[in-house]
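# Report on the structure
The primary structure of each chain is shown beneath.
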Amino acid sequence: MSAVVRLAQCFDEWRAAARELIALRVPPAHVQWQSRPGEGDLFSVAPEATDANAPQLRLPRQLVELLQAAACFNVHDRWAFLYQVLWRWQQGQHDVISPADADGARLHAMVKAVHREEHDMHAYVRFRERAESAGAPRFVAWFEPVHEVLPQVARHFARRMGSTSWMIATPTASMLWDGSTLHAGPALMSGAADIDDAGEALWLTYYRSIFNPARVNADLLHSHIPSRFWKNLPEGAIVPAMLSSAANGERRTGQTASVGQRSGAAMIPIAAERAQPVRDLPTTLDQCRRCALWQHATQAVPGIGPAQARIMLVGEQPGDQEDLAGLPFVGPAGALLEQAMQEAGMARDSVYVTNAVKHFKWEPRGKRRLHKTPAQREILACHGWLEEEIQRVQPQVIVALGSTALKSLLQDGAASMTPLIGTPIESDGRWIVSVYHPSYVLRAPDEASRRQAYRVIVDGLKRATMLLEGVVENGNAAVSH
Ligand code: URA
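Everything in this summary refers to the structure shown in the same document.

Our focus in this paragraph is the pairing of strand E5 (residues 166–169). Burial along E5 is two-sided: Trp166 and Ile168 and Met167 and Ala169, pointing in opposite directions, are all buried. Bridge analysis of strand E4 (residues 139–142) against E5 gives 4 bridges, and the strand direction is parallel. Residue Trp142 lies in a different strand from E5, and its bridge partner there is Ala169. With helix H5 (residues 150–160) bridging E4 and its parallel neighbour E5, the resulting β-α-β unit is right-handed. Sheet topology note: the E5/strand E6 (residues 173–177) ladder contains 4 bridges and is antiparallel. Across the sheet, Met167 pairs through a bridge with Leu176, a residue of E6. In this antiparallel pair of consecutive strands, E5 and E6, the connection spans 3 residues.

Next up, the structure:
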């Protein structure tokens, strides 16, 4: 069967196309999904007669809701992935929506990230009042959502803001509420600076008045409002100065005023974090504050894969795309890893893929966020999370992708990968296979070294499978090419 191209720019388009493809019994591997017209012109569109005996597509509400929410998740292969889920469901594989299934786990992770983005947008959209002008909305907000949640968030505000007109602009689209109807439009602004604001001074005065230096806790403030939102919040500009004056004396003044008036009240400043119980691990990865990396990351990125995978791949830390998607190895290094896995005969959905460090560490370079290698203290701070995954999944073989992973797995900051390439070691009753990190291949200076580094990864993955199958006893058997 030749490749079939289908255009899906939104959920409804995808749903219509997916229904048709299911009716034609076209398996996922034969469909090329494109998000913009003209993208897939290389492939032939193969219109085939509808099958009269085609299966009726009856889907439970839960599946439809999951698919609809996941469709807002911004990732290049979303339509293909959703079709795969739908196809598997239609084939009777109903565990495809279970979190224990690899596709199901990915589906749920996407839905979770989308709901979280909606929540963040409800919380951090700031409408600014504009100077009067006929026909223009009275309030305008700028927001940069990671996922495509603007329509549902606009419906949320439409229900709450009555007949006042407003617009929410994002880098890719805008939604206008004229007081009675919502209108979807294209991108109209390039940033918050495009809004001429009449009411901002008032809002900042209010914010200053409710800011209580006696109670401020900078870490908590940042944990409640992730750093990517600060730049578009009006109060973002004044918070640093208020924090610094709080730290330099206002904290005491604030407490004297409120506490000191009560007779007998002792004035003992206690940092808020000291009042919180100390736990071995925070209750969820997202709340982890064991090192400072969370402050500049979008979210923590947990591992993903079957609950009882026999092989675990451990990378270094999420990259730029992983940080936005909330999933490990979805960027260029992930593509290379996937290619190597295919060559090694290892199915991605049979292994558990994770990282030694769960938050993206980066430094700005122009408009880009450049990866920065995690420090040993950050690797150690995150080790508990990796250990938790290992104990839960109980893999028999772990592949360390690069030296950060190896250092974490061996809990040894001096561990060196090069001597261990080709020589699996046993640790805590499981094999550890060491290979280069996929990014090492991408950064290699010439074709020869690229090939050689890539081969090390493929060989290591093959060796991991052989160890699992007991083909090698001592871990040292040669890998056939
Ligand atoms: N590099 C990694 O080590 N992990 C990822 O998830 C992505 C890139």
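From this point, things continue past the structure.
Further remarks concern the pairing of E4. Side chains Phe139 and Ala141 of E4 all project onto a buried face; the interleaved residues Val140 and Trp142 project onto the opposite face, where all are buried too. Relative to E4, strand E3 (residues 128–129) runs antiparallel, the two sharing 2 bridges. From the neighbouring strand, Glu129 faces E4, where its bridge partner is Phe139.

Close to the ligand lie Gly315, Glu316, Gln317, Pro318, Gly319, Glu322, Pro328, Phe329, Ala333, Asn355 and His437. Here Glu316 contributes a backbone N or O atom positioned 2.7 Å from an oxygen atom of the ligand. Between the ligand and Gln317 there is a distance of 2.9 Å, counted from a nitrogen atom to a backbone nitrogen or oxygen. Starting from 230 Å² of accessible surface for the ligand in isolation, the protein chains cover 93%. Classifying every residue of the shell around the ligand by side-chain character gives 4 nonpolar, 5 polar and 2 charged.

Running from N to C, helix H11 (residues 332–344) and helix H15 (residues 447–468) cross one another at 55°; their axes reach a closest spacing of 9 Å. If you check the angle between H11 and H15, you find them oblique. Read as a crossing pair, H11 and H15 show a hand that is right-handed. Contacts between H11 and H15 involve Leu336, Gln339, Ala340, Met341, Glu343 and Ala344 on the former and, on the latter, Tyr454, Arg455, Ile457, Val458, Leu461 and Lys462. Grouping the constituent residues of the contact of H11 with H15 by class yields 8 nonpolar, 1 polar and 3 charged.

Conventions we followed
- Throughout, residues of each chain are indexed from 1 in the direction in which the sequence is written.
- Local features in this predicted model are restricted to residues whose pLDDT is 70 or higher, and side-chain atom pairs enter the listing and the counts only when it is 80 or higher, whereas totals over whole chains, interfaces and linings include all residues.
- Based on all heavy atoms of the structure, the side-chain values leave hydrogens and waters out of the count.
- The classification of residues rests on relative accessible area computed with a 1.4 Å probe and restricted to protein chains. Under 20% of the type maximum is buried, over 50% is exposed, and intermediate values are partly exposed.
- In this description a helix means any DSSP run of H or I spanning at least four residues, a strand means any run of E spanning at least two, and both kinds are numbered starting from the N terminus.
- At least two DSSP bridges between two strands are required for those strands to pair.
- Crossover handedness is defined by viewing with both strands directed away from the observer: a clockwise path from the first strand over the helix to the second marks the crossover as right-handed.
- Consider each residue's heavy atoms; a residue with any of them within 4 Å of a molecule or strand counts as near.
- A 3.5 Å cut-off defines polar contacts: any pair of N or O atoms within that distance qualifies, except that in protein one atom must be a possible hydrogen donor and the other a possible acceptor, and neighbouring residues in sequence count only when both atoms are side-chain atoms.
- Surface accessibility in these figures is a Shrake-Rupley result with a 1.4 Å probe; residues are shielded only by whichever protein chains are displayed.
- Following the grouping adopted for this structure description, the nonpolar residues are Ala, Val, Leu, Ile, Met, Phe, Trp, Tyr, Cys and Pro, the charged ones are Asp, Glu, Lys and Arg, and the polar ones are all others, Gly among them.
- Angular values range over 0 to 180 degrees, each being the angle between N-to-C directions of two axes fitted as lines to C-alpha atoms, with helices fitted over their stretch in contact.
- Throughout, the term roughly parallel applies to angles under 35 degrees, roughly antiparallel to angles over 145, roughly perpendicular to angles from 65 to 115, and oblique to all others.
- Note on convention: near helix rotated counterclockwise from far helix by under a right angle means a left-handed crossing. Clockwise means right-handed.
- The contact rule is simple, with two residues in contact once any of their heavy atoms fall within 4.5 Å.

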